[in-house]
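One-letter residues, chain by chain:
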Amino acid sequence: MMEDIQNTQPDPSLINILLVFNPKTNKIEAVKTVDDKGDLKTVPNTKKNQNQFLKIDKQGDLFSNFFSNFLSQLKNPTLFNFFKSPLKESEKIGKQIQHHLTHPSTEGEEFLKTYKILTPNTNTMSTNPLSEKEYQYSADQIDWNMMSKFGLTQEKLEKANALDPMLKGFKTNGLVPVTINLGTALTRMDARLSLNTNDAGDVVINIHGIRKEPNFNFKFLGHEFTAEDKKNLMENGNMGRVVELINPKTDEIIPSVISRDRLTNELVAYKVENIKIPDEIKGIKLNEEQKQTLIEGRALYLEGMISSKGEPFNAHVQFNADKKYVEFLFDHKERQQQSHSEIPKTFRGKALSDEQYEKFKGGQTIYLDGLLDKKGQPYQGYITLNQETGKVDFSFQNPTKAREQARPTEGHKTQTAVNSEGKTNEATKNLKEPLQKGQQIPKDKIQQAKQDKPQSRARRRGV
C-alpha cells in the first residue's frame, strides 16, 4: 500500500511526508517505511534522500485514513512523535522542529502544534500524563549489562510495571529492590529508578535511594529554605512558590518549583518554562488566571469536579515537580467525606442495620451487642466514626454517656483482654478454656479447683 501511494503522487506541491522524532538518536528523521515486523524504518531528513521518503497526499481524508492504517502496522506506535511537512520544505521544517524539541518554549509549542500529528494516545490532556506521555527512551538504549550489576533485568522491571514509566521519562511508581555488588561488599536497598542522558549522549540509570528526611540544613541549588518552605514540603510535598535556582555546571539562574518525593524524601526541582498545565481538570475548564496560579507553583481550589465514578468532588490541585504534573491535594475533611462511601457495613463480624449505618456515618455513637472475640465468645461495646481521621473508634463505655443501662460491665473488658489480646487476669490465669461473656472469675467450683490446684502444689513445694 505504501509503495502505491508513494508512486501515484504526480504533483510535488500536493505531497506531504512524515517526519518522526527518533528516541534512539534524539533526532528528527524522515519516515521510509514499516517492515514486516512492524519496525519503523527512517532515513536522514536531507534532500539527497527525498527519493526514499514515504510520500502521502495532502488531502485531509486520504491523509487521515493513511495515517490510521500506517499506525496499525507499527509495533510500538506510541514510541514516536510524528509530524507532517510539505516535501519541498521538509529539511527546513525538520530543523525547526528539532530546535523547538531541544529548547522548549511557549512559541515553540505553538510551532510544533502546526505540524504535529496526534496519535490516539496523545490527543487529550489530563492531570496525570503518565499513561499518555510519549516515550523518551527505548529499551534498546539501556545498558542491560550495567543494569545486571544492580540486580536488574528487563524482565524484572516489566513484571514490576516499572519499565514503562522509566521509558516515558518518569521515575518508577514504587520502590524497586536494588543490589549493589562492590566485590568486597554487597548492599541491598529499595529505591525509585529513572533514566537520564549523560553528556556523552548515553542513557544511564538514576537510583533514588530512601532518605530519612530532606536535608534542609544546606542550600539546594543556591536556595535557602524558609520555615514556611520546610513546612509546605513536609506537609503536602510541594513548596508552593517559584524560586531562582542556580545550575551548578553553567551558573545559569533557572526559575523553578520544588517538591519532595514522598517515597524517598528526595528534593526535586522542575523548570517553570517546562510546566504544562491542562486546559481541563476533571470536567472543569481552567481560565488563564487559574493556569497561572498553577504555573507559579501555588495550590488552586476547584469545586464541582467529576470523579471517574461520575461523582462530584472538590479538592485543591497543585503542580508537583517530582511527578511533573498537576496532582490532587485532599485535606482531612475532604478525605473523610470521600471515605464515607468506603466505610464497611460490618464491624468485627457484626452487620450494621441501615439505620445504624446512617447514624454511624453521621458521626453518632452506635451500641453493638453480639460481637465475637478471637475465641468465639460474645461481648458488646460502642463504635463511633472519628470525624478527624475517618477511622472507627471502639469503646466499652458509652462516650456520650447516653444509654447508661446498656453500658458494658468491667467483665467484658477482662474477657476481651484475655481472649483477644493475650493478657493475663490474676483470678483466672490458670484456666485453659476461654472466658465466657462478661466473666472475670472462675464460673463454678470445677474452674475454681483448676485455678487453686497449681497454687496448692506451689505451697507444698515451699514447705
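Just so you know, these numbers come straight off a predicted model, no measurement behind them. (Residues numbered from 1 in each chain as written. Predicted model: local features only at pLDDT ≥ 70, side-chain atom pairs only at ≥ 80, totals over all residues. Heavy atoms only, no water.)

*Asks:* I'm lost on the sheet that holds strand β15 (residues 300-306) in this one. Help?
*Replies:* As a general point, the strands of a sheet are linked pairwise by backbone hydrogen bonds and lie either parallel or antiparallel. The strand order across the open sheet built from three strands is β15-β16-β17, with neighbouring strands paired in antiparallel fashion. Each edge of the open sheet carries a strand with a single partner, namely β15 and β17 (325-329). In this sheet, neighbouring strand axes are inclined to one another by 45° on average, regardless of whether the strands run parallel or antiparallel. For β15 and strand β16 (residues 312-320), the ladder comprises five bridges, and the chain directions are antiparallel. Note that in β16 the partner of Leu302 across the bridge is Ala315. Running at roughly 120° to β15, helix α9 (residues 288-295) makes contact with β15, β16 and β17 of the sheet. (Pairing = 2+ DSSP bridges. Helix = DSSP H or I, 4+ residues; strand = E, 2+ residues; numbered from the N terminus. Axes fitted to C-alpha atoms, helices over the stretch in contact; angles between N-to-C directions. Contact = heavy atoms within 4.5 Å.)

*Asks:* For this particular structure, what's the right way to read the pairing of strand β21 (residues 378-385)?
*Replies:* A regular strand places its side chains so that they alternate between the two faces of the sheet. Where burial is concerned, most of β21 is hidden: seven out of the eight residues are buried. Judged from the five bridges that link them, strand β20 (residues 366-372) and β21 form a sheet pairing that is antiparallel. Paired with Leu371 across the bridge in β21 is Tyr379. The sheet contact formed by β21 and strand β22 (residues 392-395) spans four bridges and is antiparallel. The partner of Thr384 across the bridge, within β22, is Asp393. (Buried < 20%, exposed > 50% of the residue type's maximum accessible area, 1.4 Å probe, protein only.)

*Asks:* Can you walk me through the sheet that holds strand β10 (residues 243-246) in this structure?
*Replies:* One open sheet holds the three strands; their spatial order is β10-β11-β12, and the pairing between them is antiparallel. Only two strands of the sheet have a single neighbouring strand rather than two, namely β10 and β12 (267-271). The average undirected angle you get between the axes of adjacent strands in this sheet is 60°. When β10 meets strand β11 (residues 253-260), the two strands line up antiparallel, connected through four bridges. Residue pairing across strands places Val243 opposite Ser256, the latter belonging to β11.

*Asks:* What am I meant to see in the environment of Gly381 here?
*Replies:* Mapped onto the secondary structure, Gly381 falls in strand β21. Note on Gly381: relative accessible area 0%, which makes it buried.

*Asks:* What should I look at first to understand unusual backbone geometry in this one?
*Replies:* Glycine aside, residues mostly have negative phi, and peptide bonds are mostly found in the trans state. One non-glycine residue, Asp251, lies in the positive phi region at around 65°. Along the polypeptide, Asp251 turns up in the loop between β10 and β11. Its identity is not glycine, yet Lys282 carries a phi of approximately 50°, on the positive side. On the secondary structure map, Lys282 appears in the loop between β13 (280-281) and β14 (284-285).

*Asks:* What is the right way to look at the packing of aromatic side chains in this model?
*Replies:* Each aromatic ring pair is characterised by the separation of its centres together with the angle its planes make. Within the structure shown, the criterion is met by six aromatic pairs. Ring geometry for Tyr270 and Phe319: centres 5.5 Å apart, planes at 40°, overall tilted. Taken together, the residues Tyr270 in strand β12 and Phe319 in strand β16 connect sequence positions 49 residues apart. Here the two residues Tyr270 and Phe319 agree in accessibility, since each one is buried. Plain terms: the ring middles of Tyr379 and Phe394 are 6.1 Å apart, the flat faces sit at 85° to each other, and that makes the pair edge-to-face. Separated by 15 residues along the polypeptide, Tyr379 in strand β21 and Phe394 in strand β22 bring together distant segments of the chain. (Phe/Tyr/Trp six-rings, centres within 6.5 Å; stacked < 30°, edge-to-face > 60°.)

*Asks:* Sorry if this is basic, but what is going on with the pattern of salt bridges here?
*Replies:* For side chains bearing opposite charge, pairing can occur when the charged atoms are close. Counted by the stated rule, this structure contains 14 salt bridges. Look at the salt bridges and you will find they share partners, linking Lys171, Arg192, Asp261, Glu266 and Asp322 into a network. (Salt bridge = Lys/Arg side-chain N within 4 Å of Asp/Glu carboxyl O.)

*Asks:* Which parts of the structure should I look at to understand helix α8 (residues 227-235)?
*Replies:* Along an α-helix, residues three or four positions apart point the same way, because every turn accommodates 3.6 residues. Residues of α8 that are buried include every one of Asp229, Asn232 and Leu233, and no others. Buried residues of α8 fall within an arc of 95° about the axis and therefore sit on the same side. Exposed residues on α8 whose side chains face more than 90 degrees from its buried face are Ala227 and Glu235. On the buried face of α8, the contacting elements are β11 and β12. Backbone geometry just after α8 places Gly237 at a positive phi near 90°. (Arc of directions from axis to C-beta.)

*Asks:* Looking at this structure, I do not really get the pairing of strand β9 (residues 203-209). What am I missing?
*Replies:* Note that strand β8 (residues 186-197) and β9 share seven bridges and pair antiparallel. Opposite Ala191, over in β9, you have Gly209 as the bridge partner. Between β8 and β9, which pair antiparallel in sequence order, lie five residues; one of them, Gly201, sits at a positive phi of approximately 90°.

*Asks:* Looking at this structure, I do not really get the side chain of Asn265. What am I missing?
*Replies:* Assignment of secondary structure puts Asn265 in the loop between β11 and β12. A polar contact is formed between the side chain of Asn265 and the backbone oxygen of Arg211, at a distance of 3.0 Å. Engagement of the side chain of Asn265 in a polar contact is seen with the side chain of Arg260, the distance being 3.0 Å. Ignoring sequence-local partners within four residues, the contact set of Asn265 consists of Arg211, Lys212, Glu213, Pro214 and Arg260. (Polar contact = N/O pair within 3.5 Å; in protein donor to acceptor, adjacent residues only side chain to side chain.)

*Asks:* Would you mind showing me how to read the confidence of the model for the protein chain here?
*Replies:* Where the model shows low pLDDT, its predicted coordinates should not be examined in detail. Here the protein chain shows a mean pLDDT of 76. Residues at 70 or above account for 75%. Per-element confidence in the protein chain is highest for β11, whose mean pLDDT is 94, and lowest for helix α1 (residues 2-7), whose mean pLDDT is 37. Long-range and interchain partners of residues 1-10, a stretch whose pLDDT sits below 50, account for 18 contacts in this model, where long-range means more than four residues apart. Counting contacts from residues 456-463, a segment whose pLDDT is below 50, to residues more than four positions away or on other chains yields zero contacts. (pLDDT = per-residue confidence, 0-100.)

*Asks:* I would appreciate a short explanation of the environment of Asn215 in the present structure.
*Replies:* You can see Asn215 is positioned in the loop between β9 and α8. Asn215 sits 51 residues away from Glu266 along the chain, and the two C-alpha atoms are 8.7 Å apart. Among the polar contacts listed, one links the side chain of Asn215 to the backbone nitrogen of Asn217, at a separation of 3.1 Å.

*Asks:* What is the right way to look at the environment of His100 in this model?
*Replies:* Among the secondary structure elements, His100 is positioned in helix α3 (residues 90-102). Between the C-alpha atom of His100 and that of Glu110, which follows or precedes it by 10 residues, the distance is 9.8 Å. Excluding its chain neighbours within four sequence positions, the residues that come into contact with His100 are Gly108, Phe111 and Leu112.

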